[in-house]
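Coordinate analysis (summary)
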Amino acid sequence: MNKYLQDLIKLSKFDKAISMFEPKIENEKAKLATFIETAESIKKSINDIYLEIDEIKSKRTKNNIHLAELKSKLEDIAKKNKDIQTEKELKALQLEEEIAKEQISFANEEIERLDTLASAKEETLKELQENLAEEEESIKDIQLAVDNTIEEINKERNVVYQERSELLEKFDNKILTFYEKIKRWAKDSAVVPVKKQACYGCYMKINDKTYAEVIKSEEIINCPHCGRILYKEDETEEA
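Definitions and cut-offs
- Residues numbered from 1 in each chain as written.
- Predicted model: local features only at pLDDT ≥ 70, side-chain atom pairs only at ≥ 80, totals over all residues.
- Heavy atoms only, no water.
- Helix = DSSP H or I, 4+ residues; strand = E, 2+ residues; numbered from the N terminus.
- Buried < 20%, exposed > 50% of the residue type's maximum accessible area, 1.4 Å probe, protein only.
- Contact = heavy atoms within 4.5 Å.
- Pairing = 2+ DSSP bridges.
- Salt bridge = Lys/Arg side-chain N within 4 Å of Asp/Glu carboxyl O.
- Core = buried A, V, L, I, M, F, W, Y, C linked by side-chain atoms within 4.5 Å.
- Axes fitted to C-alpha atoms, helices over the stretch in contact; angles between N-to-C directions.
- Parallel < 35°, antiparallel > 145°, perpendicular 65-115°, else oblique.
- Left-handed = near helix turned anticlockwise from the far one by under 90°.
- Nonpolar A, V, L, I, M, F, W, Y, C, P; charged D, E, K, R; others polar.
- Disulfide = S-S within 2.5 Å.
- UniProt positions renumbered as here; feature names shortened; annotations may be inferred.

1. Here's the deal with the side chain of Glu28
Mapped onto the secondary structure, Glu28 falls in helix 1 (residues 3-81). We classify Glu28 as buried; its relative accessible area is 11%. Those residues in contact with Glu28 that sit more than four places away from it in its chain are Val146, Thr149, Ile150 and Ile153.

Right, dumping it as structure tokens:
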């Protein structure tokens, strides 16, 4: 195989490998982000529950104040009973007492309802806090695993960068410029194999003459359709 073509294939494979490192790192970070997002969602739910509990407590306090006022009112009514002089005054006072007692009953029911609701919210809060603790523990484990994986990816990337750099030191400048021009638009598919007599960049079939030249590998051959650099994989690589 033409030496320059061999170098181009190596360089292309290095570039493909390099372009895959960042997605791998982002994929690892995404694993962690999913758990962090879940934890943040639980934290928001916990904060919402705290606000709801505070609101319930505020309503209960108001009902207690109102209840105290109503009890005080009943005491006043009881005192007024001693000074009643007419039937009309008696009926009015009895009506006032009846309304106050109904309001007391309603206030007690409302306090009981709020207590039940607060108890349910407290139970939900406890569950959420337990879930958050578990999620944060998982985050610690995943953070460690992700950090280790990213460290390994970076080591691997550094090796590829080093090997690419060593290759470029011996690279022909004209061939490199030629490659870079194609790479600007073809990205990581500037150098592609021919399989089943088709360019694996544009997937168009190449003619017999071009295919024969690719098989010989004596020259750098471009795809007549897309312009990518072609090469024939050996049987093991193709398989």
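Now that the structure is up, let's keep going.
2. Focus: the side chain of Ser217
Positionally, Ser217 belongs in the loop between helix 4 (208-216) and strand 3 (221-222). When its relative accessible area of 6% is taken as the criterion, Ser217 is described as buried. Among all residues touching Ser217, those that are not within four sequence positions of it are Met1, Asn2 and Leu5.

3. Some words on the sheet that holds strand 2 (residues 198-199)
Ordered in space as 2-1-4-3, the four strands form an open sheet in which the pairing is mixed. Sheet topology places strand 2 and strand 3 at the edges, where each strand pairs with a single neighbour. Pairing of strand 1 (residues 191-195) with strand 2 involves two bridges; the strand directions are antiparallel. Bridge pairing links Lys195 to Ala198 in strand 2.

4. Some words on the pattern of salt bridges
Considering all chains together, one arrives at 15 salt bridges under this definition. Across the salt bridge formed by Glu22 and Arg157, the nearest N and O atoms sit 3.2 Å from each other. Taken as a pair, Glu22 in helix 1 and Arg157 in helix 2 (residues 87-169) lie far apart in primary sequence, 135 residues in all. Of the residues examined, Glu22 reaches a relative accessible area of 35% and is grouped as partly exposed. Judged by relative accessible area, Arg157 falls into the buried class, the value being 17%. By sharing partners, the salt bridges in this structure join Glu151, Glu152 and Lys155 into a single network.

5. Some thoughts on the nonpolar core
The biggest cluster of nonpolar side chains holds 34 residues, and the ones touching the most others in it are Leu8, Leu11, Ile46, Phe171, Tyr179, Val191 and Ile229. Breaking this core down by element, the ones donating at least two residues are helix 1, helix 2, helix 3 (173-186) and strand 4 (229-232). With 14 residues, the top contributor of residues to this core is helix 1. With near-sequence residues (within four places) excluded, Phe171 lies in contact with Asp7, Leu8, Leu11 and Leu176. If you look at the next biggest cluster of nonpolar residues, it comprises 10 residues, including Val194, Cys199, Tyr211 and Cys226.

6. Quick notes on the environment of Gln94
Following the sequence through the fold, Gln94 ends up in helix 2. Placed 16 residues apart in sequence, Gln94 and Ala78 show a C-alpha to C-alpha distance of 9.9 Å.

7. Description of the packing of helix 1 against helix 2
Orientation of helix 1 relative to helix 2, taken along the N-to-C sense of each, is 165 degrees, at an axis distance of 6 Å. Relative to helix 2, helix 1 is oriented roughly antiparallel. Judged by the twist between their axes, the crossing of helix 1 over helix 2 is left-handed. Of the residues belonging to the contact of helix 1 with helix 2, the class tally is 40 nonpolar, 14 polar and 27 charged.

8. Focus on the state of the cysteines
For the structure on display, the rule yields zero disulfides. Among the cysteines around Cys202, which has no disulfide bond, Cys223 carries the closest sulfur, lying 3.7 Å off. A disulfide-free cysteine, Cys223 has its sulfur positioned 3.6 Å from the sulfur of Cys226, the nearest such atom. Cys223 sits in the buried class, given a relative accessible area of 4%.

9. Focus: the UniProt feature "coiled-coil region" (unreviewed entry) in the protein chain
Taking the numbering used here, the UniProt-annotated feature "coiled-coil region" (unreviewed entry) corresponds to residues 67-170. Helix makes up 94% of residues 67-170 and strand 0%. Its end C-alpha atoms lie 92 Å apart.

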